[in-house]
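One-letter residues, chain by chain:
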Amino acid sequence: MKSVVIEQPNQLTVADRPLPQPAAGEVRVKVKLAGICGSDSHIYRGHNPFAKYPRVIGHEFYGHIDAVGEGVSPSRLGERVSVDPVISCGHCYPCSIGKPNVCTELVVLGVHRDGGFSEYAAVPARNAWKIPETIADEHAVMVEPFTIAANVTGQAQPTENDIALIYGAGPMGLTTLQALKGVYKVKQVIVADRIDERLAMARNSGADWVINNSQRPLQETLAEKGIKPTLIVDAACHPSILQEAIALASPAARIVIMGFSSEPSQIIQQGITGKELSIFSSRLNANKFPVVIDWLARGLIDPGKLVTHKFDYQHVTDAIELFEKDQRQCCKVLLTFN
Ligand code: NAI
Ligand code: MN
Ligand code: ZN
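Residues numbered from 1 in each chain as written. Chains lettered and ligands numbered in written order. Predicted model: local features only at pLDDT ≥ 70, side-chain atom pairs only at ≥ 80, totals over all residues. Heavy atoms only, no water.

As annotated in an unreviewed UniProt entry, the protein carries the name Zn-dependent oxidoreductase and is attributed to Kosakonia calanthes. Regarding the protein, the relevant UniProt record gives this comment under Cofactor (unreviewed entry): "Zn(2+)". Recorded in UniProt for the protein, the comment headed Sequence similarities (unreviewed entry) runs: "Belongs to the zinc-containing alcohol dehydrogenase family." (UniProt positions renumbered as here; feature names shortened; annotations may be inferred.)

So, in structure tokens, the structure goes:
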């Protein structure tokens with residue numbers, strides 16, 4: 001079989017690899033579609049501290065089960081599945097309280113273990129989630145990015161009366177936006193970004209108000225209208241944003257951060273305690289595949305609005321380069337495997 005392998009930073013090959021045999025408790029997935037994410041590009045460029053090389057990248061993928069390992073029911077053969085990349089031990093403290101996404105022995109497919117940019121991938125059977133017939137392939141491949149939004153909103157518990165502010169209209173901001181509007185019916189969702197084309201995508205995904213904050217500080221624009229957001233999601237993840245979010249938040253607001261910057265954020269306790277703000281963080285997803293599959297089955301979200309490009313996996317280098325260089329035109333780029 002062919003796999004997309006990062007041999008070492010900046011060296012990508014489409015290599016021949018032996019067809020994996022599913023171990024006990026595993027299934028083999030014949031991959032049909034996969035999504036490119038920022039973290040794939042980071043592993044490619046050597047910017048992911050967790051990555052070990054060589055590595056088959058890809059943690060957003062969909063296909064069907066074509067082989068099962070010992071202990072897995074053969075009735076699963078042929079099942080259409082999306083694969084949760086989060087593999088956890090099941091017994092450590094975070095696992096015991098329902099947070100397998102921060103398991104002390106966390107393994108993420110496509111990061112710590114070979115992933116889904118491959119014609120076939122062997123994965124734990126319990127990570128392969130059945131996709132109902134009514135959900136299209138192009139939607140099924142988008143389950144994982146929406147589980148990030150499901151995790152964020154699971155932390156913040158949005159209500160219809162929230163005034164929500166999302167920083168960043170990339171894939172993460174847009175999945176969060178669709179969840180806030182489509183699932184939680186939040187009446188007012190504001191999205192800020194530096195790029196007008198991205199803000200147009202946010203409008204298309206249901207934003208009530210979009211703000212380009214490249215020229216003027218966001219705080220000024222919001223203050224002018226007397227708006228104090230009650231729920232803020234930082235899906236842009238610059239270390240300076242937390243400081244600004246604390247300043248412009250309503251008293252009693254919730255803030256969710258999801259960045260991995262190693263640079264310090266300058267925050268003052270008074271700004272947080274004075275308004276009794278709640279600050280959450282969100283990493284990957286904690287058992288959110290069934291949640292998002294249900295959202296899709298009920299038509300509450302529309303992943304198609306995020307997909308801007310499709311490439312055959314043979315052209316993966318072109319696909320990643322376009323994804324990296326052109327944030328104006330690109331949002332989610334898919335790879336097809338046939
Ligand atoms: P992206 O780079 O496509 O989107 C980020 C957007 O934020 C861009 O459109 C950019 O113009 C905008 N932006 C940058 N600085 C801004 C500012 N000061 N104000 C407003 N907008 C600003 O990235 P993507 O894929 O949407 O991911 C966003 C972030 O989420 C990344 O930092 C990534 O590392 C993180 N992430 C975290 C995950 C988690 O589980 N915690 C999962 C996936 C991504
Ligand atoms: Mn991703
Ligand atoms: Zn664990």
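Asker: Help me get a handle on the site of ligand 1, residues and values and all.
Answerer: Lining the immediate surroundings of ligand 1 are 22 residues, of which Met 172, Asp 193, Arg 198, Ser 282 and Leu 284 lie closest. Here an oxygen atom of ligand 1 sits 2.9 Å away from a polar atom, N or O, in the main chain of Met 172. A distance of 2.9 Å separates an oxygen atom of ligand 1 from a polar atom in the side chain of Gln 327. Among the elements of the structure, helix H5 (171–183) and strand S12 (188–193) are those that each provide at least two residues to the shell around ligand 1. The residue inventory of the shell around ligand 1, partitioned by class, reads 13 nonpolar, five polar and four charged. (Near = heavy atom within 4 Å. Polar contact = N/O pair within 3.5 Å; in protein donor to acceptor, adjacent residues only side chain to side chain. Helix = DSSP H or I, 4+ residues; strand = E, 2+ residues; numbered from the N terminus. Nonpolar A, V, L, I, M, F, W, Y, C, P; charged D, E, K, R; others polar.)

Asker: Before we move on, can you summarise the coordination of the zinc ion (ligand 3) with the specific residues and values?
Answerer: The protein atoms donating to the zinc ion (ligand 3) are Cys 89 (SG), Cys 92 (SG), Cys 95 (SG) and Cys 103 (SG), with metal-donor distances spanning 2.3 to 2.4 Å. Here the donor residues of the zinc ion (ligand 3) are spaced in sequence according to C-x2-C-x2-C-x7-C. The class for Cys 95 is buried, based on a relative accessible area of 13%. (Donors = N, O, S within 2.8 Å, 3.2 Å for Na, K, Ca; no water. Buried < 20%, exposed > 50% of the residue type's maximum accessible area, 1.4 Å probe, protein only.)

Asker: Now, about the nonpolar core: what can you tell me, with residues and values included?
Answerer: Leu 174, Leu 177, Val 191 and Val 292 are the most contacted members of the largest nonpolar core, which totals 43 residues. Contributions of two or more residues to this core are made by helix H4 (143–156), strand S11 (163–167), H5, S12, helix H6 (196–204), strand S14 (231–234) and helix H10 (289–297). Residue contributions to this core peak at seven residues, all from H4. Each of domain 1 (2–142 + 306–336) and domain 2 (147–281) accounts for three or more of the residues forming this core. Residues in contact with Leu 174, not counting those within four places in the same chain, are Ala 169, Met 201, Ala 202, Ser 205, Leu 306 and Cys 331. Ala 121, Ala 128, Ile 320 and Cys 330 belong to the second-largest nonpolar core, a separate cluster that totals 41 residues. (Core = buried A, V, L, I, M, F, W, Y, C linked by side-chain atoms within 4.5 Å. Domains from an automatic or database assignment. Contact = heavy atoms within 4.5 Å.)

Asker: Summarise the coordination of the manganese ion (ligand 2); cite the residues concerned and give the values.
Answerer: Coordination of the manganese ion (ligand 2) by the protein is provided by Cys 37 (SG), His 59 (NE2) and Glu 60 (OE), with metal-donor distances spanning 2.1 to 2.6 Å. Along the chain, the residues that donate to the manganese ion (ligand 2) are spaced as C-x21-H-E. Separated by 23 residues along the polypeptide, Cys 37 in the loop between strand S3 (26–36) and helix H1 (38–44) and Glu 60 in the loop between strand S4 (55–56) and strand S5 (61–68) bring together distant segments of the chain.

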